[in-house]
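# Chains, contacts and geometry: an overview
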Amino acid sequence: MKYIIVPDRAKPKQLPFYFAVEEYVATKYTDDDYFFAWQVEPTVMLGRNQLTDNEVNADYCRENGVHIFRRKSGGGCVYADEGCIQFSYISFAENVNLAFGEYMNNVAALLQSIGIDAQLSGRNDILVGGKKVSGSAFYRLRKRSVLHNTVLFNTRLEHLSEALTPSHEKLQSKGVASVSQRVNNIGHYTDMSLDGFLAYVRKYMCGTEELVLTDEDMREIARIEEDLASDNFVYGKNPKFTEVRKKRFPEIGTLEAHIELKNNIIKNINIAGDYFLTGDLDRELIDLLRGTKFTREAVAERLDGTDLSSIIRGMELPQLLRLLFGRPPHVKKPEWLKIDLTSTPNSSETANVIAKHHLNTICTSGLCPNRTECWAARTATLMIGGNICTRSCKFCNTLSGRPGKLDPDEPQNVADSIKALGLRYAVITSVDRDDLKDYGAEHWAKTITCIKKENPDTILEVLIPDFMGNKELISMVMAARPNVAGHNMETVRRLTPDVRSVARYERSLDVLAAITQSGVMAKTGFMVGLGETKEEVEELMDDILATGCRRLTIGQYLQPTSKHLPVTEYITPEQFGIYKQTALKKGFKFVESGPLVRSSYHAERAFAAE
């Protein structure tokens with residue numbers, strides 16, 4: 001990597017000049033990666049798509065000699081001055097997200113190398129002592145990744161606090177009441193002078209390698225600078241509009257869509273905000289939307305197959321639709337789904353045993369609508385491996401996050417609890433434990449072994465995760481010889497990526513095939529009401545049958561909370577009946593199909609079916 005040497009010139013080097021250097025070098029010099037550090041007079045720099053009125057106190061800037069300019073990269077609004085160092089990095093990396101992550105790690109390591117405890121945090125921040133000292137942004141330019149970041153060394157924080165005006169909602173998301181509470185200077189954490197720090201940075205990043213810009217280079221840079229300094233570029237991002245939509249997404253940023261409509265057709269659209277661009281917004285997204293009817297259905301159809309995350313980092317189609325149209329219209333729950341969760345003496349007794357033994361159940365974590373009925377019949381689906389799942393599927397109410405260590409006493413405790421409950425038919429499931437080397441397979445095998453030893457007359461059904469498709473691990477669990485082993489498909493092929501966070505359609509089919517091949521009775525289930533078609537349901541049935549699995553449950557998807565996928569349709573009991581008959585005609589030996597059916601509902605009937 002070479003360090004860019006910028007010759008002196010009579011005209012002041014303002015922000016547009018340095019951004020012009022970035023753009024010019026990215027276009028002209030393609031033999032290496034490049035880096036340089038620079039400083040400017042007090043300046044506010046807007047992200048490419050931010051609206052000036054939303055982010056900047058323009059009156060304060062005019063009164064205090066603070067310039068206002070705009071950059072081509074995304075991200076939030078930044079204040080810079082002579083005490084605020086800017087780094088520019090121009091890379092060959094085609095994957096801008098990967099380059100961004102590696103670069104930010106490198107900057108953090110640079111600060112750590114001089115004794116500053118710098119830590120990466122959030123989408124683009126470096127923190128010291130819990131406060132932001134550096135932020136970054138990036139964009140793609142002619143197959144080059146251009147990244148730049150700000151490092152606060154001894155900047156005037158009072159200017160920063162007054163010049164920037166982020167929304168109260170954005171500050172709340174950072175847990176602070178003002179900008180000044182969130183930032184700090186690294187000059188407080190080192191004895192280095194600013195000049196000494198700049199010299200150290202150059203040597204750390206580039207050694208002795210350098211590129212000295214020529215007079216011809218400087219003339220070409222001046223032409224680019226003229227465009228970047230123009231009022232049209234700085235202030236011309238506020239388009240005509242007839243509709244405005246605004247929404248903050250924690251994983252993306254604050255988005256504000258300005259839509260120009262004519263006869264409810266999208267004539268033009270601009271998406272402002274502090275998000276990060278990873279593609280060409282105009283060509284890859286906005287051009288697609290022009291001429292499209294302004295309805296949720298029409299926009300969804302127009303963008304079907306478009307990878308929005310390759311244009312705006314973190315963006316998926318449901319989020320764009322939420323921005324433009326709000327929440328999907330609520331589908332009213334029909335009468336046949338109204339259930340009685342009133343406790344009975346028998347259900348309370350089962351609940352008490354579960355509580356006494358500190359057991360986790362999918363009945364509770366999954367908000368199962370049948371839990372009162374099942375508990376009254378002295379049945380429950382026990383959940384092992386803890387109550388925190390490493391996955392975050394968009395249909396499931398089980399907690400997701402970083403789970404604790406496995407409880408070595410759990411296999412025996414579960415076996416003792418089944419004995420205490422007097423279960424003739426027991427069902428065991430688990431959270432996904434992708435954090436473990438064997439994904440929890442050994443724990444599963446131990447649990448099955450303990451249950452069978454303590455309860456030799458109990459029929460045992462297990463509902464297992466996919467173990468990332470590792471057949472040896474599946475075989476380990478099957479070797480403990482449960483009577484029935486289930487693994488749910490959950491939904492049709494097309495919807496799987498949107499519904500399940502890590503699982504794959506083909507991988508789940510492979511799991512069912514591995515269960516069948518082990519000689520253990522296989523079982524699976526899926527939900528309807530997520531937007532699948534009848535043809536897709538029949539295709540799913542055929543794919544399941546091809547694995548050798550002959551036992552099936554079909555139930556209605558019910559949205560657990562507002563954060564989960566909405567119900568697209570409530571399937572009628574009559575249609576569930578049709579699905580059952582279709583499955584039986586295709587070759588399934590047992591089918592439980594109905595609005596309230598869940599994986600383990602009437603599980604003993606599936607085992608008894610010939």
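Residues numbered from 1 in each chain as written. Predicted model: local features only at pLDDT ≥ 70, side-chain atom pairs only at ≥ 80, totals over all residues. Heavy atoms only, no water.

If you trace the backbone, Glu490 turns up in the loop between β21 (484-486) and α19 (496-499). Sequence-distant contacts of Glu490, that is, excluding residues within four places in its chain, are made with Phe395, Arg500, Gly525, Phe526 and Met527. (Helix = DSSP H or I, 4+ residues; strand = E, 2+ residues; numbered from the N terminus. Contact = heavy atoms within 4.5 Å.)

Strand pairing in a sheet takes place through backbone hydrogen bonds and is either antiparallel or parallel in direction. Pairing in this open sheet of three strands is mixed, and the strands run β4-β3-β5 from one edge to the other. Two strands bound the open sheet, and with one partner strand each, they are β4 (67-70) and β5 (78-80). Sheet twist, expressed as the average angle between the axes of neighbouring strands with direction ignored, equals 25°. As paired strands, strand β3 (residues 43-46) and β4 are joined by four bridges and run parallel to one another. (Pairing = 2+ DSSP bridges. Axes fitted to C-alpha atoms, helices over the stretch in contact; angles between N-to-C directions.)

Right, let's get into helix α8 (residues 215-228). Its 14 residues place the ends of α8 20 Å apart at the C-alpha level, agreeing with the 20 Å of an ideal helix rising 1.5 Å per residue. If you check which residues of α8 are buried, you get Asp217, Met218, Ile221, Ile224, Glu225 and Leu228. One side of α8 holds all its buried residues, which, seen down the axis, span an arc of 120°. Residues of α8 that are exposed and point more than 90 degrees away from the buried face comprise Asp215, Arg223, Glu226 and Asp227. (Expected span 1.5 Å × (residues − 1). Buried < 20%, exposed > 50% of the residue type's maximum accessible area, 1.4 Å probe, protein only. Arc of directions from axis to C-beta.)

The terminal C-alpha atoms of helix α20 (residues 505-518) lie 21 Å apart, and with 14 residues this matches the ideal 20 Å at 1.5 Å per residue to within 8%. Among the residues making up α20, those that are buried are Tyr505, Arg507, Ser508, Leu509, Val511, Leu512, Ala513, Ala514 and Ile515. Considering only its buried residues, α20 is in contact with α18 (471-478), β21, α19, β22 (521-528) and α21 (534-545). Count one or two residues on from α20 and you reach Gly519, which has phi positive near 95°.

To continue, consider the packing of α21 against helix α22 (residues 573-586). Packing of α21 against α22 leaves a shortest axis separation of 11 Å and a crossing angle of 35°. Here α21 and α22 pass one another in a crossing that is right-handed. Taking contact as the criterion, the partners of Lys534, Val537, Glu538, Met541, Asp542 and Leu545 in α21 are, on α22, Gln575, Tyr579, Thr582, Ala583 and Lys586. Counted by class, the contact of α21 with α22 contains five nonpolar, two polar and four charged residues. (Left-handed = near helix turned anticlockwise from the far one by under 90°. Nonpolar A, V, L, I, M, F, W, Y, C, P; charged D, E, K, R; others polar.)

Let's shift gears to the side chain of Thr43. Secondary-structure assignment places Thr43 in strand β3. Polar side-chain contacts of Thr43 include one of 2.7 Å to the backbone oxygen of Glu41. Each residue touching Thr43, except ones within four places of it in the same chain, is listed here: Gln14, Leu15, Val66, His67, Phe69, Val78, Tyr79 and Ala80. (Polar contact = N/O pair within 3.5 Å; in protein donor to acceptor, adjacent residues only side chain to side chain.)

The subject of this paragraph is the environment of Leu463. The residue Leu463 is located in strand β20 (residues 459-463) in this model. Of the residues examined, Leu463 reaches a relative accessible area of 18% and is grouped as buried. A C-alpha to C-alpha distance of 4.4 Å links Leu463 and Gly486, two positions 23 residues apart in sequence. Non-local contacts of Leu463, meaning those with residues more than four positions away in its chain, are made with Ile428, Thr429, Ser430, Trp444, Gly486, His487, Asn488 and Ser599.

We now examine the confidence of the model for the chain. On average, residues of the chain score 84 in pLDDT, and 86% of them reach the 70 mark or higher. Low pLDDT (under 50) marks residues 167-179, which in the prediction has 19 contacts with non-local residues, meaning those over four places away or in another chain. (pLDDT = per-residue confidence, 0-100.)

Spatially, the eight strands line up as an open sheet ordered β7-β8-β9-β10-β6-β2-β1-β11, and their pairing is mixed. Across the chains shown, the open sheet's two edge strands, defined by having one partner strand only, are β7 (118-121) and β11 (210-212). The average undirected angle you get between the axes of adjacent strands in this sheet is 25°. The pairing of β7 with strand β8 (residues 125-128) spans four bridges and is classified as antiparallel. Considered in β8, the bridge of Ala118 is made with Val128.

Let's shift gears to the pairing of strand β23 (residues 551-556). Taking burial as the measure, the six residues of β23 include six buried ones, the bulk of the element. With burial as the criterion, each face of β23 is covered, one bearing Arg551, Thr553 and Gly555 and the other bearing Leu552, Ile554 and Gln556. As a crossover connection, the stretch from β22 through α21 into β23 is right-handed. Both β23 and strand β24 (residues 590-593) contribute to a ladder of four bridges, which runs parallel. Looking across to β24, one finds that Ile554 is bridged to Ser593. Following the chain from β23 across α22 to the adjacent parallel β24, one finds a crossover that is right-handed. (Right-handed = clockwise from strand over helix to strand, strands pointing away.)

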